[in-house]
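Letter by letter, the chains look like this.
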Amino acid sequence: MADKSVPPAAPPAPDDAPRTIVIQQPGSRTWLIRALFVALVISVLFNIGLFVGVGEYYGVGDGPNEKYHSGDKTTSDKIALIEINGTIMPPFTGRIIKAIDKAREDDRVKGVLVAVDSPGGLVADSHMIYHELQRLRRKKKVAVIMKRMAASGGYYVAMGAGPEGRIFAEPTTWTGSIGVIIPHYDLTGLAEKMGVKSEPLKTGELKDALSPFRDLSDKERQVWTTIMDDAFQRFVAVIVDNRAALDRAQVEQLATGQVYTAQQALDGKLIDEIGYDEDAIEHLKKELALDEARIVRYEFPPALIELLTGSAEAQRPAAQWQALMELTVPRAMYYCSWLPELGGLAAGRE
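Keep in mind that this is a model prediction, so the values were computed, not measured.

Caption draft 1: Up close: the overall build of the protein chain. Assigned secondary structure in the protein chain consists of twelve helices and 13 strands. Every one of the 350 residues in the protein chain was classed for burial, and the buried ones make up 38%. Counting only contacts in the protein chain whose residues sit at least 6 apart along the sequence, the fraction spanning at least 24 positions is 81%. In the structure as shown, the protein chain presents an accessible area of about 20900 Å², 58% of it carried by carbon and sulfur atoms.

Caption draft 2: Here's a closer look at unusual backbone geometry. Here the residue pair Pro90 and Pro91 is connected by a cis peptide bond, since its omega of 0 degrees sits within 30 degrees of zero. Tracing the backbone through its elements, the reader meets Pro91 in the loop between strand E2 (78-85) and helix H2 (92-105). With phi around 65 degrees, Lys269 is a residue other than glycine that occupies positive phi space. Among the secondary structure elements, Lys269 is positioned in the loop between helix H8 (262-267) and strand E10 (273-274). Notably, Ala289 is not glycine yet its phi reads approximately 55 degrees, a positive angle. For Ala289, the location among the structural elements is in the loop between helix H9 (277-287) and strand E11 (294-299).

Caption draft 3: Quick look at helix H3 (residues 123-137). Its 15 residues give H3 an end-to-end C-alpha distance of 21 Å, which sits within 8% of 21 Å, the value for a rise of 1.5 Å per residue. Restricting attention to buried positions, one finds in H3 the residues Val123, Asp125, Ser126, Ile129, Tyr130, Glu132, Leu133, Gln134 and Leu136.

Caption draft 4: Structural detail: the packing of H3 against helix H6 (residues 218-242). The geometry of H3 relative to H6 is characterised by a closest axis approach of 12 Å and an angle of 25 degrees between their N-to-C directions. By the criterion of interaxial angle, the relationship of H3 to H6 is roughly parallel. At the point where H3 passes H6, the crossing takes the left-handed sense. Across the interface between the two elements, Val123, His127, Tyr130 and Arg137 of H3 pack against Ala231, Arg234, Val238 and Asn242 of H6.

Caption draft 5: Just the environment of Lys197, in detail. With respect to the helices and strands, the residue Lys197 is situated in the loop between helix H5 (188-194) and H6. For Lys197, a relative accessible area of 68% corresponds to the exposed category. C-alpha separation for the pair Lys197 and Arg214, spaced 17 residues apart in sequence, amounts to 9.4 Å. A distance of 3.2 Å separates the side chain of Lys197 from the side chain of Glu199, its partner in a polar contact.

Caption draft 6: Focus on a nonpolar patch on the surface. Residues Leu187, Leu190, Met194, Val196 and Phe213 make up a contiguous nonpolar surface patch of about 470 Å² in total accessible area. Counting through the fold element by element, Val196 comes out in the loop between H5 and H6. For Val196, a relative accessible area of 46% gives the class partly exposed.

Caption draft 7: Geometry of the packing of aromatic side chains. Using the criterion set out here, one finds two aromatic pairs in the structure. Ring geometry for Tyr130 and Tyr156: centres 5.5 Å apart, planes at 75 degrees, overall edge-to-face. Of this pair, Tyr130 sits in helix H3 while Tyr156 sits in helix H4 (residues 153-158), placing them 26 residues apart in sequence. Note on Tyr156 and Phe235: the rings are 5.0 Å apart at their centroids and 65 degrees apart in plane angle, and the pair reads as edge-to-face. Taken as a pair, Tyr156 in helix H4 and Phe235 in helix H6 lie far apart in primary sequence, 79 residues in all. Side by side, Tyr156 and Phe235 carry an identical accessibility label, which is buried. An aromatic cluster of at least three residues, connected via ring pairs, comprises Tyr130, Tyr156 and Phe235. The ring centre of Tyr68 lies 4.7 Å from the NZ or CZ of Lys73, which sits over that ring.

Caption draft 8: A look at the layout of surface pockets. As a volume, the second largest pocket reaches approximately 310 Å³. Lining the second largest pocket are 13 residues, with Glu83, Arg95, Ile96, Tyr298 and Phe300 positioned closest to its centre. Those elements that place two or more of their residues in the lining of the second largest pocket are E2, H2 and E11. When its residues are assigned to classes, the lining of the second largest pocket shows eight nonpolar, one polar and four charged.

Caption draft 9: Broad picture of the environment of His69. Its place among the elements puts His69 in strand E1 (residues 65-71). Leaving out residues up to four positions away in the same chain, His69 has contacts with Leu81, Ile295, Val296 and Arg297. A polar contact is formed between the side chain of His69 and the side chain of Ser70, at a distance of 3.1 Å.

What counts, and at which threshold
Residues numbered from 1 in each chain as written. Predicted model: local features only at pLDDT ≥ 70, side-chain atom pairs only at ≥ 80, totals over all residues. Heavy atoms only, no water. Helix = DSSP H or I, 4+ residues; strand = E, 2+ residues; numbered from the N terminus. Buried < 20%, exposed > 50% of the residue type's maximum accessible area, 1.4 Å probe, protein only. Contact = heavy atoms within 4.5 Å. Areas by Shrake-Rupley, 256 points an atom, 1.4 Å probe, with all protein chains shown as cover. Expected span 1.5 Å × (residues − 1). Axes fitted to C-alpha atoms, helices over the stretch in contact; angles between N-to-C directions. Parallel < 35°, antiparallel > 145°, perpendicular 65-115°, else oblique. Left-handed = near helix turned anticlockwise from the far one by under 90°. Polar contact = N/O pair within 3.5 Å; in protein donor to acceptor, adjacent residues only side chain to side chain. Patch = residues over 30% accessible without salt bridge, like charges linked within 9 Å, V, L, I, M, F, W, Y side chains within 5 Å. Salt bridge = Lys/Arg side-chain N within 4 Å of Asp/Glu carboxyl O. Phe/Tyr/Trp six-rings, centres within 6.5 Å; stacked < 30°, edge-to-face > 60°. Lys NZ or Arg CZ within 6 Å of the ring centre and 35° of its normal. 1 Å grid on protein atoms, 1.4 Å probe; cavity = no way out; pocket = protein on both sides within 12 Å on 5 of 7 lines; lining within 4 Å. Points joined across faces, edges and corners; volume = space filled by probe spheres on them. Nonpolar A, V, L, I, M, F, W, Y, C, P; charged D, E, K, R; others polar.

The structure is reproduced here in structure tokens:
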């Protein structure tokens with residue numbers, strides 16, 4: 001007996017009957033799109049939260065922001081630690097100067113310890129920092145602690161402590177390298193092999209001076225020697241003005257570009273004492289008649305562009321082209337290296 005609850009099957013449609021075709025999107029593709037969208041939203045929210053958190057940690061504004069380093073947290077008397085690290089050049093020059101300004105204007109900062117760990121850098125930037133430290137020492141006691149290296153421009157900025165400021169160096173510090181260097185690359189041999197010829201359009205014979213595609217003329221060498229000698233004599237004068245134990249003849253004898261060990265620097269009276277941070281801090285406390293002091297350091301919040309687009313910006317063709325063009329700009333440098341940028345032959349006095 002047939003089951004009446006089951007409807008009878010529909011008769012098959014004739015071959016010529018119209019047909020309806022339904023196309024369905026695969027379910028896996030819809031799921032993938034939704035998953036990617038959710039992941040994107042989560043990523044954006046996470047990065048916003050991360051940036052906000054970093055901003056709260058470092059403080060509001062473009063800095064510098066004060067952070068406790070060591071010492072007595074309960075006292076209002078402060079010694080500021082200002083760090084000069086790496087190659088002295090923008091944008092770090094501006095940040096260092098801001099830190100110096102902050103220490104100078106803070107009445108609770110009684111003294112400043114400048115910690116130098118640098119092979120030097122641009123002549124102009126080294127002098128700008130030195131000038132600001134001169135302004136600082138008119139209001140505050142300043143001492144210097146040299147770290148791994150305080151050479152060339154690194155030594156130049158240390159002179160900002162003044163003749164009354166004490167300069168410490170760690171036992172393994174390298175310092176000295178008193179002199180000037182202007183990078184110059186001789187690519188004439190390579191250009192000849194590659195069949196490259198440079199014929200710039202210029203308004204004067206010296207407009208393409210230091211071009212790597214031709215030999216330096218006697219006139220060009222004289223021009224750039226004069227420029228270097230001006231920077232070199234300024235370097236020597238800065239040391240004479242700020243190292244009471246040295247006269248000009250003694251400084252000129254030391255200014256061969258040689259790197260000195262801490263002991264050699266002490267013997268040559270380029271520094272005052274071999275020691276560490278704690279020795280320099282104790283010296284400042286004694287000079288300031290402070291039993292206790294809170295040691296603070298200055299930090300800068302990372303810019304949004306650095307957090308979110310820094311690596312991408314570095315890959316832009318325009319940025320790469322700009323970096324290439326920067327290599328062609330003549331620069332006088334207080335720098336402890338024969339290879340300050342890419343390499344080649346350096347014409348200079350160091």
